[in-house]
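# Descriptive analysis of the structure
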Amino acid sequence: MTDDATSSLRDLPSVDEVMRTAAATEAAERHGRELAVAAVRRALQSAREAARGGEGVADARAVATAAATALDREARPKLRPVFNLTGTVLHTNLGRAVLAEAAIEAATRAMRQAIALEFDLDGGRRGERDNLIRDLLIELTGAQDATVVNNNAAAVLLVLNTLAKGREAIVSRGELIEIGGAFRMPEIMTRAGARLVEVGTTNRTHPRDYEEAIGPRAGLILKVHTSNYRIEGFSAEVEGRALAALAHARGVPLVNDLGSGTLIDLSAFGLAHEPTVAEAVADGADLVTFSGDKLLGGPQAGFIVGDRAMIARINRNPMKRAMRVDKIRLAAIEATLRLYRDPARLAARLPTLRHLARGQDDIAAQARRLLFAVAAAAGPRFEAEAIACASQIGSGALPQETLPSGGIAIRPRAARGRGRDVEALAAALRRLPVPVIGRVADGALVLDLRCLDDEDGFLANLRALDPAPARDKDAAS
Ligand SMILES: *Cc1c(COP(=O)(O)O)cnc(C)c1O
């Protein structure tokens, strides 16, 4: 070390000096004195290393500012809100359904004070938590009875374990699906204690395939809605109604795992028809399972509706206790289901449906409104253009279906290093106070505006964009 560097190290402020600055005092108020002192020590250590390296000596204010910035960054929640401009409405990695205001209010109330969760207010005795939503589910699906667990994967596991433990579960080979996140039907069967009996072939399964497979050990027939892929061409499956008749003739229950499971006919909103829960019940399935946070637009949950005696058995299964839903979600589920009682106003109140039903013209108009601001934020190295694009529903629902949408495509003007520039822009958007998540397509970053509700918030957020490509930063350092 040179004498210069040694003497400059002596000029570094002490911890106490730094703590007396305004920036450090404020940081201590925001985060507590203990964390502030620790951050100041770390900032001083960095300043010491910088000084040894021949850089200037930081004064107390600079050290305090560095410490406060680091603390503020650390204090940011890890679970951060983002703008979902991916064009996938129910994006599993972005939390699937955005909840309705009524659900948010109900969940907040349930968090804030004691609630009658398992308490019968009429009799003053212990009650059942599922009773809070049972009647709504019965009304909306036409089923005899209903129960709820943590998610649909749990619902399927619980149904299999209750009805087919130590017995056979009969499934078409065309329906042995894998859903993201290691949910594979054959493995779920094993864990549930059921023996999988595969029938038919990948593309075709006939009634006689099921009939031949039903033996004395049959526990149930499982029909799985192949929600995340489609077998096309020379294919055949046994439809719900025929399968129910076949199963009941042999005294075996039919379980229909609908996956997404919608409570309303989506074709009324310009979408493709997805089998509704009420249709599956009416077709004779003894039990129907479906998700809370897919097309239904509520919080994560798994619903099981159907035969009263079977639901009673499911509720007596000790595994049910390990899969039960907490008060916060029950409150949100109840409020979400209530919205379905007023179908005329559903699209206005349920964000999932509102986003899915949004017309292309409306989205295109929004793209034109935002184009200038987006182009300005991206800077002169990029060009921005309002485009037509296609959104997806996501979460495996209606996989073949795309929704005509609109958005803004941002492209680098220079051909050289285009891929890297697009990635750098995408990264800069992810670094915004509210990260903006788009998708990269054809050498452009596409912001699909279908799910953009808060236009003003988006514009304010965009002002913090620093789109300098990584290349320039590399060159500068
Ligand atoms: C999504 C899905 C599941 C799993 O539901 P989660 O609510 O994500 O646990 C099960 N079965 C089918 C057919 C699905 O589409």
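Everything discussed here concerns the structure shown above.
Bear in mind the structure is a predicted one, so any value in this text is a computation, not a measurement.

## Here's the deal with the overall build of the protein
Within the protein one finds 21 helices and 17 strands. A principal-axis box enclosing the C-alpha atoms of the protein has dimensions of 95 × 60 × 45 Å. Looking at the protein residue by residue over its 477 residues, the buried ones come to 48%. Put simply, of all contacts in the protein between residues at least 6 apart along the chain, 75% involve residues at least 24 apart. Accessible surface computed for the protein: about 23,300 Å², of which carbon and sulfur atoms make up 50%. If you average the places of the 63 positive and of the 61 negative side-chain charges in the protein, the two averages end up 3 Å apart.

## Observations concerning the environment of Ala386
Note that Ala386 resides in strand 13 (residues 382-394). The exposure class of Ala386 is partly exposed, given its relative accessible area of 33%. Considering only alpha carbons, one finds Ala386 and Arg61, 325 residues apart in sequence, at a separation of 46 Å. Excluding its chain neighbours within four sequence positions, the residues that come into contact with Ala386 are Ala367, Leu371 and Gly407.

## Examining the nonpolar core
Counting residues in hydrophobic clusters, the biggest one holds 56 residues, and the most contacted among them are Ile170, Ile221, Val288, Phe290, Phe303 and Leu337. Within the second largest apolar cluster, 30 residues are counted, among which are Val159, Ile188, Leu222 and Leu287.

## Some thoughts on a positive patch on the surface
On the surface, a cluster of positive charge is made up of Arg167, Arg217, Arg313 and Arg316. Of note, Arg313 is situated in helix 13 (residues 308-316). Residue Arg313 is classed as partly exposed on the basis of its relative accessible area, which comes to 39%.

## Considering the packing of aromatic side chains
For the structure on display, the rule yields two aromatic pairs. With 5.5 Å between their ring centres and 90 degrees between their planes, Phe83 and Phe458 make a pair best called edge-to-face. In this pair, Phe83 is assigned in strand 1 (residues 83-84) and Phe458 in helix 20 (residues 455-462), connecting sequence segments 375 residues apart. Like Phe458, Phe83 is buried. Both rings, one in Phe290 and one in Phe303, keep their centres 5.1 Å apart while their planes meet at 35 degrees; by these two values the pair is tilted. In this pair, Phe290 is assigned in strand 11 (residues 287-291) and Phe303 in strand 12 (residues 302-306), connecting sequence segments 13 residues apart.

## Description of the pattern of salt bridges
Evaluation of the coordinates by the stated rule reveals 26 salt bridges. In this structure, the salt-bridge partner of Asp448 is Arg439, at a minimum N-O distance of 3.8 Å. Through salt bridges with shared partners, a single network forms among Glu118, Arg126, Glu128, Arg129 and Arg324.

## Observations regarding the packing of helix 8 (residues 152-164) against helix 13
Here helix 8 crosses helix 13 at 105 degrees, and the two axes come no closer than 9 Å. As summarised for this structure, helix 8 and helix 13 are arranged roughly perpendicular, according to the angle between their axes. Two secondary-structure elements touch here, helix 8 through Leu158, Val159, Thr162 and Leu163 and helix 13 through Met310, Arg313 and Ile314. The residue makeup of the contact of helix 8 with helix 13, split by class, is five nonpolar, one polar and one charged.

## Re the state of the cysteines
Taken as a whole, this structure holds zero disulfides when the rule is applied. The thiol of Cys451 is unpaired, and the distance to the nearest cysteine sulfur, on Cys389, comes to 11 Å. Take Cys451: its relative accessible area is 15%, and that puts it in the buried class.

## A look at unusual backbone geometry
Trans peptide bonds make up most of the peptide bonds, and negative phi angles are found at most residues other than glycine. Phi is positive for Arg96, close to 55 degrees, though the residue is something other than glycine. If you trace the backbone, Arg96 turns up in the loop between strand 1 and helix 6 (101-112). Even without being glycine, Asp442 reaches a positive phi, approximately 50 degrees. Relative to the assigned elements, Asp442 resides in the loop between strand 16 (439-441) and strand 17 (444-448).

## Some thoughts on the side chain of Glu168
Tracing the backbone through its elements, the reader meets Glu168 in strand 5 (residues 168-172). Ignoring sequence-local partners within four residues, the contact set of Glu168 consists of Arg195, Val197, Ala213, Arg217, Ala218, Gly219 and Leu220.

## Points about the layout of surface pockets
There is about 730 Å³ of room inside the largest pocket. Lining the largest pocket we find 25 residues, and of these Pro81, Val82, Leu94, Val98 and Leu99 sit closest to its centre. Elements with a contribution of two residues or more to the lining of the largest pocket: strand 1, helix 6 and helix 17 (351-357). Broken down by element, the lining of the largest pocket gets its largest block of residues, three residues, from helix 17. Classifying every residue of the lining of the largest pocket by side-chain character gives 15 nonpolar, three polar and seven charged.

## Observations regarding the sheet that holds strand 9 (residues 218-224)
Taking strand neighbours across the sheet as the criterion, the seven strands line up as 4-12-11-10-9-5-8 in an open arrangement whose pairing is mixed. Lying at the two open borders of the sheet, with one neighbouring strand each, are strand 4 (145-149) and strand 8 (195-199). Taken over all neighbouring pairs, the strand axes of this sheet differ in orientation by 25 degrees on average, direction set aside. Relative to strand 12, strand 4 runs antiparallel, the two being bridged by five bridges.

## Some points on helix 8
Its 13 residues place the ends of helix 8 17 Å apart at the C-alpha level, agreeing with the 18 Å of an ideal helix rising 1.5 Å per residue. In terms of burial, helix 8 is largely enclosed, as 12 of its 13 residues are buried. Of the positions making up helix 8, those classed as buried are Asn152, Ala154, Ala155, Val156, Leu157, Leu158, Val159, Leu160, Asn161, Thr162, Leu163 and Ala164. Note on helix 8: the residue one or two positions beyond its end, Gly166, has a positive phi of about 70 degrees.

How each quantity is defined
Residues numbered from 1 in each chain as written. Predicted model: local features only at pLDDT ≥ 70, side-chain atom pairs only at ≥ 80, totals over all residues. Heavy atoms only, no water. Helix = DSSP H or I, 4+ residues; strand = E, 2+ residues; numbered from the N terminus. Buried < 20%, exposed > 50% of the residue type's maximum accessible area, 1.4 Å probe, protein only. Contact = heavy atoms within 4.5 Å. Areas by Shrake-Rupley, 256 points an atom, 1.4 Å probe, with all protein chains shown as cover. Lys, Arg positive; Asp, Glu negative; His and termini not counted. Charge placed at Lys NZ, Arg CZ, Asp CG, Glu CD. Core = buried A, V, L, I, M, F, W, Y, C linked by side-chain atoms within 4.5 Å. Patch = residues over 30% accessible without salt bridge, like charges linked within 9 Å, V, L, I, M, F, W, Y side chains within 5 Å. Salt bridge = Lys/Arg side-chain N within 4 Å of Asp/Glu carboxyl O. Phe/Tyr/Trp six-rings, centres within 6.5 Å; stacked < 30°, edge-to-face > 60°. Axes fitted to C-alpha atoms, helices over the stretch in contact; angles between N-to-C directions. Parallel < 35°, antiparallel > 145°, perpendicular 65-115°, else oblique. Nonpolar A, V, L, I, M, F, W, Y, C, P; charged D, E, K, R; others polar. Disulfide = S-S within 2.5 Å. 1 Å grid on protein atoms, 1.4 Å probe; cavity = no way out; pocket = protein on both sides within 12 Å on 5 of 7 lines; lining within 4 Å. Points joined across faces, edges and corners; volume = space filled by probe spheres on them. Pairing = 2+ DSSP bridges. Expected span 1.5 Å × (residues − 1).

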